[in-house]
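Descriptive analysis of the structure
Residues per chain are reported as follows:
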Amino acid sequence: MAYCTEKNKIESGAAFMLLPIIVLLLCLLGGGAVLFHLMKSKAKSNITTDLAMQTAQEFVQVQDIHGNFLHTQDGWLMSYVRIFPISLDLLSTSEKRMLISKLTAELSSFNYPFKFLAVSRPVDISPLISELSALLSTADPKQKELLRKEMLEMNTLTLSGEVVERQFYLILWQRQNDGTERDLLDKTKRLAQHFEDGQVQTQLLKQQDIVQLCNLVNNPSYTHLETTEPENVIPFLAKLEV
């Protein structure tokens, strides 16, 4: 009986000594969790601040755009070729096979990497609406009703932004060095010529076209700029004489 009493006292003492240790461990774990949360929140706040301080040019990694080239901030030079689509539904099976064989033969001799890019842009259908409005004056009552319904449908599509067209581009790139622009331009022209020989129309993008493409990629709701004067839409820094 005395042995059991002594044993109970020892166990009670051990439990009494473990209780502060457990409380201390729980406090340490809770403090560590709070500290980790505060550090994570601070890091997230710093990232948000850094992003807010970034300019648009830094965000898209564009250093300069001029001529037929886009210069990136990490030292790459890029050029672009637009590929105009063709309707395969208008071709017969044999014509499709001939087109595939022709393009395959043309591109097999081009041994440089390139990237294919497809983007969508809003289409300006205001000329079509204006044409329908002009027809109202000479239309009979039934035609006027049909024209008004068509114009209403067109306006609905315009406001919803659902009228888009797909545009296709090929991108070539090369590390910036002496003579890089001439070498890359030669490769780009060769690639465009291969598609032209394969009966696919192409266009080598210039400064304004590259600016429009950058807007299409980074701003899906971008409205196409029809102006051909880059000075009207691109800010230029004036050179000051010291």
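Everything that follows concerns the structure shown earlier in this document.
Each chain has its residues counted from 1, running along the sequence as written. Local features in a predicted model are, by the rule used here, given only for residues with pLDDT of at least 70; side-chain atom pairs are given and counted only at 80 or more, and totals for whole chains, interfaces and linings are based on all residues. Only hydrogens and water are removed before side-chain values are computed, so all heavy atoms of the structure are retained for them.

Our focus in this paragraph is the overall build of the chain. Only DSSP runs of H or I reaching four residues or more are called helices, and only runs of E reaching two or more are called strands; each is numbered from the N terminus. On a plain count of helices and strands, the chain comes out with seven helices and six strands. Of the regular secondary structure in the chain, the N- to C-terminal order runs α-α-β-β-β-α-β-α-α-β-α-β-α. Within the chain, contacts between residues separated by at least 24 positions form 69% of all contacts whose residues are at least 6 apart in sequence. With residues, only the protein chains shown are counted as cover, and all accessible areas are computed by Shrake-Rupley using a 1.4 Å probe. Carbon and sulfur atoms form 61% of the exposed surface of the chain, whose accessible area is close to 17,800 Å². It only takes one pair of heavy atoms within 4.5 Å for two residues to be counted as in contact.

Our focus in this paragraph is the packing of aromatic side chains. For Phe, Tyr and Trp, rings pair up if their centres lie within 6.5 Å, where Trp contributes its six-membered ring, and each pair is then called stacked (planes under 30 degrees apart), edge-to-face (over 60) or tilted (otherwise). Considering all chains together, one arrives at three aromatic pairs under this definition. Ring geometry for Phe116 against Phe168: centres 5.9 Å apart, planes inclined by 15°, an arrangement best described as stacked. One end of the pair, Phe116, is in strand β4 (residues 115-122); the other, Phe168, is in strand β5 (residues 164-175), and 52 residues separate them in sequence. Here the term buried applies to any residue with accessible area under 20% of the maximum for its type, exposed to any over 50%, and partly exposed to those in between, with areas from a 1.4 Å probe on protein chains only. Phe116 gets classed as exposed once you look at its relative accessible area, which sits at 51%. Ring-pair connections join several aromatic residues into one group, and the members of that group are Phe110, Tyr112 and Phe114.

Any carboxyl oxygen of Asp or Glu within 4 Å of a side-chain nitrogen of Lys or Arg constitutes a salt bridge here. Considering all chains together, one arrives at four salt bridges under this definition. The network of salt bridges with shared partners includes Lys142, Glu145 and Lys149.

The alternating pattern of strand β2 (residues 69-72) places Phe69 and His71 and Leu70 and Thr72 on opposite faces, both of which are buried. Note that strand β1 (residues 62-66) and β2 share four bridges and pair antiparallel. Its bridge partner being in β2, Asp64 is matched across the sheet by His71. Connecting β1 to the antiparallel partner β2 that follows it, the hairpin turn spans two residues, and Gly67 within it adopts a positive phi of roughly 60°. Note that β2 and strand β3 (residues 76-83) share two bridges and pair antiparallel. Among the inter-strand pairings, Leu70 is bridged to a residue of β3, identified as Met78. For two strands to pair, DSSP has to find at least two bridges joining them.

Take the nonpolar core next. Ranked by size, the top nonpolar core spans 15 residues in total, and within it Ile83, Leu170, Leu191 and Phe195 carry the most contacts. Secondary-structure elements contributing two or more residues to this core are β3, α3 (93-107), β5 and α6 (180-197). The greatest single-element share of this core, amounting to five residues, is contributed by α6. With sequence-adjacent residues up to four places away left out, Leu191 is seen in contact with Leu107, Phe110, Phe114, Leu170 and Leu172. Among buried residues, those of type Ala, Val, Leu, Ile, Met, Phe, Trp, Tyr and Cys that are joined through side-chain atoms within 4.5 Å constitute a nonpolar core.

Phi at Gln199 takes a positive value of approximately 70°, unusual for a residue other than glycine. Among the structural elements, Gln199 can be located in the loop between α6 and β6 (202-204). Judged by relative accessible area, which is 68%, Gln199 ranks as exposed.

This paragraph deals with the environment of Leu170. Looking at the secondary structure, you find Leu170 in strand β5. As a C-alpha pair, Leu170 and Ile83 span 87 residues in sequence and 7.3 Å in three-dimensional space. If we ignore the near neighbours within four places in the chain, the residues touching Leu170 are Ser79, Tyr80, Val81, Ile83, Phe114, Lys115, Phe116, Leu191 and Phe195.

Let us look at α3. In this analysis, the expected span of each helix is defined as 1.5 Å times one less than the number of residues it contains. Compared with an ideal rise of 1.5 Å per residue, which puts 15 residues at 21 Å, α3 spans 21 Å between its outermost C-alpha atoms and is within 8% of the ideal. Along α3, the positions that sit buried rather than exposed are Leu99, Leu103 and Glu106. Taken end-on, α3 shows its buried residues confined to a sector of 65°, consistent with a single buried face. In α3, the exposed residues that point more than 90 degrees away from the buried face are Thr93, Arg97, Met98 and Ile100. Residues of α3 that are buried sit in contact with α6. As used here, the arc is the angular range of directions from the helix axis to the C-beta atoms.

Quick look at the side chain of Gln167 now. Tracing the backbone through its elements, the reader meets Gln167 in strand β5. Among the residues examined, Gln167 registers a relative accessible area of 3% and is labelled buried. Reaching out from Gln167, the side chain makes a polar contact with the side chain of Tyr169 at a distance of 2.5 Å. Once you skip the residues sitting within four places of it in the chain, Gln167 turns out to touch Arg82, Leu117, Ala118, Val119, Arg121 and Leu216. For this analysis, a polar contact is any N or O atom pair within 3.5 Å, provided that within protein one partner can donate a hydrogen and the other can accept it, and provided that sequence-adjacent residues contribute only side-chain to side-chain pairs.

Turning our attention to the pairing of β3. Judged by how many residues are buried, β3 sits mostly within the fold: seven of eight residues are covered. Pairing of β3 with β5 involves eight bridges; the strand directions are antiparallel. By the bridge assignment, Trp76 is partnered in β5 with Arg175.

These figures capture arrangement, not role.
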